[in-house]
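Commentary on secondary and tertiary structure
The lines below spell out each chain.
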Amino acid sequence: MTSTDTHPTADAITWRPRSRRVTWLVVVLVVLVALAAASIAVGSRDVAWSDIVAALGGTTDNLGQAAVTKRVPRTVLAVLVGAALGMAGAVMQGVTRNPLADPGVLGINMGASLAVVVGLAWFGLSSASATVWAAIAGAAVAAVFVYAVGSLGRGGATPLKLALAGAATSAALTSLITAVVLPRNDIAENVLSFEIGGVGGATWSGIGTVVPFLAVGLVLSLLSARGLNSLALGDELATGLGERVAMVRGVAALGSVLLCGAATSVAGPIAFVGLVVPHLCRLLVGVDHRWLLPFTALTGACLLTAADVLGRILVRPSELDVGILTALIGAPFFIAVVRRQKLREL
Amino acid sequence: MSADLERPRLVEVPAAAVTQVTRDRKRRAVRRRVVIAVLSVLVLAMIAVSLMVGQTFYPPGDVLRVLLGQDVPGAAFTVGRLRIPRTVLAVVVGLSFGLAGVTFQTMLRNPLASPDVIGISSGAGAAAAFAIVVVGWSGTRVSAFAIVVCLAVALAIYLLAFKGGVLGTRLILIGIGVEAMLRSATAYVLSVAADWDLQEAMRWLTGSLNGASWTATLPALVALVVLAPILLGQTRNLSTLQLGDDTAAALGVRLERTRLIAILAAVGLIAFATSGAGPIAFVAFLAGPIAARLVGPNGSLLVPAALVGALLVLVGDFCGQYAFGNRMPVGVVTGVLGAPSLIYLIIRTNRAGGSL
């Protein structure tokens, strides 16, 4: 399941035939399109097909059409955020060589959230791009901090130490976020959206602000794909193969921090997407990061869109934030990964 | 100890060394007693402060007369109806969380294995939120339901962590996963409920004493009175368990029986306290390590940790009400206190190069 497993049929798992990967690529793309369509068609309000088509054409004559017009940016945001988180998780698992790495589990999304919340409450942060910058800075600080704490002591950053440091940091930051937001009635309206992520508040302008950041993060992550393949062999071997290990780590980490920081600045902290998606994708396309990274983006988009649609169906006429559903789906998965690990690795 | 006398002496121990050991033991026993006494005085002082001080100050005389059941204009309502239930709930909940937390930490030999880190408190929180907010139950039915769910969660964590023996670290990681799930389950329950407000959400997510009443306090109080003596009866067995299962068994501890009693009592305390005030963040986690620092390496931590827990909740609630411009739920205050301690604990363990 993980790249570190030594399996009798490791070769067969690692290098999938190209045709099979292409098949999966088509399947995932079809699923994504279907989910996006469902996300536009399904919601807390039933809208007739004719109205949906009319709304997509740009008319907002009745309530149904207006609802659909709001669902379109929401769907786009879910796809973008899911893709960003899925890929960020894959890159983090590659950089730390840790099957438990995830922007949520490691507390990085919470770092981004805290930075945004502090900016809003104390420094009068108002412009959308400043929010994104604050989130990215918070994510970067949290990432460095968790990695530093997790790699203290003997054995460096073992999966267990890193996961514990991340979980502790995440819990700590959650408390701080609540303490910062609660006294401020003017921003307390959003308290839950900073503690539990969701894509309900999507707007075109918000999406426009984060897209450049996401694009840069995406490019940096994809550029480091080949380097991550070498890193999987271990630092010594990677260096021996001529890889500049520190450089690869730096670029990949920057890419993943940009991705999850920007995603958190628009959607709040959403955990476990980055954990689940890479593990699933490795089963489908193997461990080659050049294939894995684009796949995790697509699958992440599928997962988040599906969770968002589900959240709108489950508690009609109300809505369930997507962050709640991803935790409900993702936490059992986390437990399964913990259980699969060999004793020595944990 | 008497065990020493029964064993045949193979090596002659110098008399000076024996007196040195005896003196050290005595000194540590004195320190333990002093710490417990000081903590008790502090808890009593904090109770007095919480009863007297508030938006309006009532002198000790007024408070005493209200306590004796006399009708004092103004104070009868403010102190009798608002402050007394709140203070009693704070003390009961603090004692319960401290006691249950240190029981888990002692039994699993790891400070991170406290019920609020591994999801047992959030299990009770989710259950209580569901029972109260969605089903509309109240009183003992809520607590009973919370206990059942709590036990189920504890059992589930134990079984999930069991794989040819339970490894403490794996149990903690799995507990963290369970905690994340139950927290979002609580959020789910709250959002399904028709009319829930931020106040209610804060209570079930971080713990709060706002809206404390006798109906919420009494079940927790009864549970404490019944369960605390049972747990304290296991003091010696729990301390011996810390030496490791094999050693404890060799020293005559009935492992399974001790564990079962301790888990049932601790889970009961957590469930009743949580259905009264919500899972107050990090009190169960903090009480044990603080008590250990104060008492030093001797004797059981159960009583000091319970007192520290009560003190934390009392001080946290008082600060939350009056120290900041805005009324903060106690869970937010203890959360901010507990968060850095959690990180500090992990840094220290990692530095020491422990097996963690």
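Chain B is annotated in an unreviewed UniProt entry as Iron chelate uptake ABC transporter family permease subunit from Nakamurella leprariae. The UniProt entry for chain B carries the following text under Sequence similarities (unreviewed entry): "Belongs to the binding-protein-dependent transport system permease family. FecCD subfamily."

As recorded in an unreviewed UniProt entry, chain A goes by the name Iron ABC transporter permease, listed as coming from Nakamurella leprariae. Annotation of chain A in UniProt includes, under Sequence similarities (unreviewed entry), the sentence "Belongs to the binding-protein-dependent transport system permease family. FecCD subfamily." Regarding chain A, the relevant UniProt record gives this comment under Subcellular location (unreviewed entry): "Cell membrane".

A few words on the overall build of chain B. Across its full length, chain B carries 15 helices and zero strands. On C-alpha atoms alone, chain B measures out to a radius of gyration of 22 Å, which is about the 21 Å that the 2.2 N^0.38 rule sets for 356 residues. Seen along its three principal axes, the alpha-carbon backbone of chain B occupies a region of about 75 × 50 × 35 Å. For chain B, buried positions account for 51% of its 356 residues. Here the analysis covers contacts within chain B between residues at least 6 apart in sequence; of these, 76% occur between residues at least 24 apart. When the accessible surface of chain B is totalled, it reaches about 16,200 Å², and 66% of it is carbon and sulfur.

The helix and strand tally for chain A stands at 16 helices and zero strands. Here the C-alpha atoms of chain A give a radius of gyration of 20 Å, agreeing with the 20 Å that 2.2 N^0.38 yields for 346 residues. Its C-alpha atoms give chain A principal-axis dimensions of roughly 65 × 50 × 35 Å. In chain A, 77% of the contacts between residues at least 6 apart in sequence involve partners at least 24 apart. For chain A, the distance from the average site of its 23 positive side-chain charges to the average site of its 17 negative ones is 8 Å.

Positive phi, close to 80 degrees, is recorded for A:F272, a residue that is not glycine. Relative accessible area serves as the criterion here: at 7%, A:F272 is assigned to the buried category.

Turning our attention to the interface of chain B and chain A. Each partner contributes residues to the interface: chain B has 44 residues there, and chain A has 46 residues. Interface of chain B and chain A: buried area, both sides summed, is about 3,700 Å²; carbon and sulfur atoms make up 79% of it. Counting across the interface, chain B meets chain A through zero salt bridges. At the junction of chain B and chain A, the tally comes to one residue pair in polar contact (both at pLDDT 80 or more). For the side of chain B that touches chain A, the secondary structure elements donating two or more residues are α6 (140–161), α7 (168–192), α8 (198–205) and α15 (330–351) of chain B. Broken down by element, the residue count for the side of chain B that touches chain A peaks at 17 residues, all from α7(B). The residue inventory of the side of chain B that touches chain A, partitioned by class, reads 32 nonpolar, eight polar and four charged.

Residues and elements named next belong to chain B. Checked against the element boundaries, V267 lands in helix α12 (residues 255–277). When the C-alpha positions of V267 and L151 are compared, they lie 6.6 Å apart, and in sequence the two are 116 residues distant. Once residues within four sequence positions are removed from consideration, V267 is found in contact with F104, I147, C150, L151 and A154.

Residue and element names in this part refer to chain A. Applying the stated criterion across every chain, the model contains nine salt bridges over all chains. The salt bridge partner of D235 is R249, with a shortest N-O separation of 3.2 Å. Of the two residues, D235 sits in helix α12 (residues 235–240) while R249 sits in helix α13 (residues 245–267), which places them 14 residues apart along the sequence. By relative accessible area, which is 29% here, D235 ends up partly exposed.

With that settled, consider the side chain of A:S221. All names here are of chain A. Position of S221 relative to the elements: it lies in helix α10 (residues 204–223). Judged by its relative accessible area of 0%, S221 falls in the buried class. In terms of polar contacts, S221 uses its side chain to reach the backbone carbonyl oxygen of G217, at 2.8 Å. In this structure, S221 is in contact with M87, V91, G255, S256, L259 and L293, ignoring residues within four places of it in sequence.

Here the focus is the nonpolar core. Grouped together as the largest cluster of nonpolar side chains are 174 residues, with contacts concentrated most on B:I120 and B:L173. Of the residues forming this core, the biggest block, 12 residues, is contributed by helix α4 (residues 63–96) of chain A.

Under the counting rule described, the total for this entry stands at six aromatic pairs over all chains. An angle of 85 degrees between the planes, with centres 5.1 Å apart, marks the rings of A:W133 and A:F213 as edge-to-face. A residue pair is termed long-range when its members are at least 10 positions apart, and A:W133 in helix α6 (residues 128–150) and A:F213 in helix α10 qualify at 80 residues. Using a relative accessible area of 54% as the deciding quantity, one classes A:W133 as exposed. Centre to centre, the rings of B:F318 and B:Y322 are 5.3 Å apart; their planes meet at 65 degrees, and the pair counts as edge-to-face. With a gap of four residues between them, B:F318 and B:Y322 both fall in helix α14 (residues 302–322), about one helical turn apart.

We now examine the side chain of B:E179. Residue and element names in this part refer to chain B. Along the polypeptide, E179 turns up in helix α7. Despite its burial, E179 remains without a salt bridge, the nearest opposite charge being carried by R183 at 4.6 Å. With near-sequence residues (within four places) excluded, E179 lies in contact with D116, V117, I118, G119 and S122.

Further remarks concern a nonpolar patch on the surface. A cluster of nonpolar side chains, namely B:V30, B:V34, B:V38 and B:L42, defines an oily patch on the protein surface of about 310 Å² accessible area. Overall, the relative accessible area of 44% leaves B:V38 in the partly exposed class.

Another point: helix α4 (residues 75–108) of chain B. All names here are of chain B. Over its 34 residues, α4 runs 46 Å from end to end, which matches the ideal 50 Å to within 8%, given 1.5 Å per residue. The axis of α4 is deflected most strongly, by about 40 degrees, at R83, and proline P85 appears within four residues downstream. Counting buried positions along α4 gives 27 out of 34 residues, so the element sits mostly inside the fold. The first or second residue beyond α4 is R109, which carries a positive phi of 55 degrees.

The next subject is the confidence of the model for chain A. Residue and element names in this part refer to chain A. Of the residues in chain A, 91% reach a pLDDT of 70 or more, and the chain-wide mean stands at 84. Confidence, read as mean pLDDT per element, is least for helix α1 (residues 10–14) in chain A (47) and greatest for α10 (92). Here residues 1–13 is a poorly scored stretch, pLDDT under 50, and it has 14 contacts once near neighbours within four places are set aside; other chains count.

So, about the confidence of the model for chain B. All names here are of chain B. In this model, chain B carries an average pLDDT of 84, and 92% of its residues clear a pLDDT of 70 or more. Mean pLDDT across the secondary structure elements of chain B bottoms out at helix α1 (residues 2–6), with 52, and peaks at α14, with 92. Predicted complex metrics record ipTM = 0.82 and pTM = 0.83.

Moving on: the environment of A:N229. Residues and elements named next belong to chain A. With respect to the helices and strands, N229 occurs in helix α11 (residues 225–231). A C-alpha to C-alpha distance of 9.8 Å links N229 and V95, two positions 134 residues apart in sequence. Within the structure, N229 has its side chain in polar contact with the side chain of D288 (distance 2.7 Å).

Reading the values: the criteria
- Residues numbered from 1 in each chain as written.
- Chains lettered and ligands numbered in written order.
- Predicted model: local features only at pLDDT ≥ 70, side-chain atom pairs only at ≥ 80, totals over all residues.
- Heavy atoms only, no water.
- UniProt positions renumbered as here; feature names shortened; annotations may be inferred.
- Helix = DSSP H or I, 4+ residues; strand = E, 2+ residues; numbered from the N terminus.
- Rg over C-alpha atoms; globule rule 2.2 N^0.38 Å.
- Buried < 20%, exposed > 50% of the residue type's maximum accessible area, 1.4 Å probe, protein only.
- Contact = heavy atoms within 4.5 Å.
- Areas by Shrake-Rupley, 256 points an atom, 1.4 Å probe, with all protein chains shown as cover.
- Lys, Arg positive; Asp, Glu negative; His and termini not counted.
- Charge placed at Lys NZ, Arg CZ, Asp CG, Glu CD.
- Buried area = accessible area lost by both parts, 1.4 Å probe.
- Salt bridge = Lys/Arg side-chain N within 4 Å of Asp/Glu carboxyl O.
- Polar contact = N/O pair within 3.5 Å; in protein donor to acceptor, adjacent residues only side chain to side chain.
- Nonpolar A, V, L, I, M, F, W, Y, C, P; charged D, E, K, R; others polar.
- Core = buried A, V, L, I, M, F, W, Y, C linked by side-chain atoms within 4.5 Å.
- Phe/Tyr/Trp six-rings, centres within 6.5 Å; stacked < 30°, edge-to-face > 60°.
- Patch = residues over 30% accessible without salt bridge, like charges linked within 9 Å, V, L, I, M, F, W, Y side chains within 5 Å.
- Expected span 1.5 Å × (residues − 1).
- Bend = angle between axes of the 7 residues up to and from the residue.
- pLDDT = per-residue confidence, 0-100.

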